[in-house]
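An overview of the molecular structure
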Amino acid sequence: MSIKEKQQMILDTESAAHTGMEGQSRSSQKYVLLQVWCGILTVAMVVMAALVLSIKPKSTEGTVTTLKPGSVSPTGPPVNTVPAPLKSIRSSLSYIQLVKPSKSQPWQDLYKRCTSCSLILQNDSIHCTENGLYFMYAQVTFSKLQKKSQTVSVILKRNASFGKSEIHLVEGTFPNTTVGPVWVAKMVSLTVGDSVSLNITDDFLTDTMLTFWGAFQLH
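Attention in this report is confined to the structure presented alongside it. All figures in this text were calculated on a predicted structure; none of them were measured in a lab. (Residues numbered from 1 in each chain as written. Predicted model: local features only at pLDDT ≥ 70, side-chain atom pairs only at ≥ 80, totals over all residues. Heavy atoms only, no water.)

**Quick notes on the sheet that holds strand β3 (residues 119-122)**
- An order of β3-β4-β9-β6-β7 is seen for the five strands of this open sheet, with the pairing classed as antiparallel. For this open sheet the edge positions go to β3 and β7 (167-175), each flanked by a neighbour on one side alone. Strand-to-strand twist across the sheet, computed as the mean angle between neighbouring axes with direction ignored, equals 20°.
- Pairing of β3 with strand β4 (residues 125-128) involves four bridges; the strand directions are antiparallel. Opposite I120, over in β4, you have H127 as the bridge partner. (Pairing = 2+ DSSP bridges. Helix = DSSP H or I, 4+ residues; strand = E, 2+ residues; numbered from the N terminus. Axes fitted to C-alpha atoms, helices over the stretch in contact; angles between N-to-C directions.)

**Side note on the sheet that holds strand β1 (residues 95-99)**
- In space, the five strands of this open sheet follow the order β2-β1-β10-β5-β8, with antiparallel pairing throughout. The open sheet is flanked by β2 (108-109) and β8 (180-190), the only strands paired with a single partner.
- In this sheet, β8 lies alongside strand β5 (residues 132-142) in antiparallel orientation, the contact comprising eleven bridges. Each bridged residue has a counterpart across the sheet, and for F135 the counterpart in β8 is M187.

**Thoughts on a nonpolar patch on the surface**
- Residues Y95, L110, Y111, L133, M187, F216 and L218 make up a contiguous nonpolar surface patch of roughly 620 Å² in combined accessible area.
- Tracing the sequence through the fold places L110 in the loop between β2 and β3.
- Judged by relative accessible area, L110 falls into the partly exposed class, the value being 40%. (Patch = residues over 30% accessible without salt bridge, like charges linked within 9 Å, V, L, I, M, F, W, Y side chains within 5 Å. Areas by Shrake-Rupley, 256 points an atom, 1.4 Å probe, with all protein chains shown as cover. Salt bridge = Lys/Arg side-chain N within 4 Å of Asp/Glu carboxyl O. Buried < 20%, exposed > 50% of the residue type's maximum accessible area, 1.4 Å probe, protein only.)

**Quick notes on the environment of T211**
- By secondary structure assignment, the location of T211 is in the loop between β9 (195-200) and β10 (212-217).
- In this structure, the C-alpha to C-alpha distance between T211 and F142, residues 69 residues apart in sequence, is 8.7 Å.
- Those residues in contact with T211, other than ones at most four positions away along the chain, are V99, W107, Q139, V140, T141, F204 and L205.
- Only 3.1 Å separates the side chain of T211 from the backbone nitrogen of T141, close enough to count as a polar contact. (Contact = heavy atoms within 4.5 Å. Polar contact = N/O pair within 3.5 Å; in protein donor to acceptor, adjacent residues only side chain to side chain.)

Following this line, the structure appears as structure tokens:
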């Protein structure tokens, strides 16, 4: 082996050794950084845990509500928890639901709730005796009989009265193949003297659970 080749071999050995040392140095630096980072996270977790433990819940002493003797009901039925204003409002609102026992009979009040309500049944119509906002609805169940026209309709209409013409409040039109229940509904504003009736353009079932209509007062 010549002298030049020996020198080159020595240089290569030193270079490899230097490279290996650099690699080890870099690896050791990364390992130290990782240890430092883990240490920082550990310290942060310890500090957070100490802060959480140092926070004490507020004492509930002095916040206990003392029941007055008049509100205690040791015996008898449960106490009604509905506030008085809500009960008075709910009891003052009117509602009515009409059913037809048979096709030959007129519409009848299913609940017959009271005679002083703002919604009363007269001449197959719901009459309004108090200004307000009302929710009108109707469910009609069409039968399987042959339909007389191409479409069937369910119409809630305000009847004509003094100074007012008849108008359709809500109308549902369905194909003549419709079998089963359909539903129409709408919020309407009624005044004293208004009356609403239901118009069904085809054959329907008169069972009280299948066909009915009515209204209830919203305001």
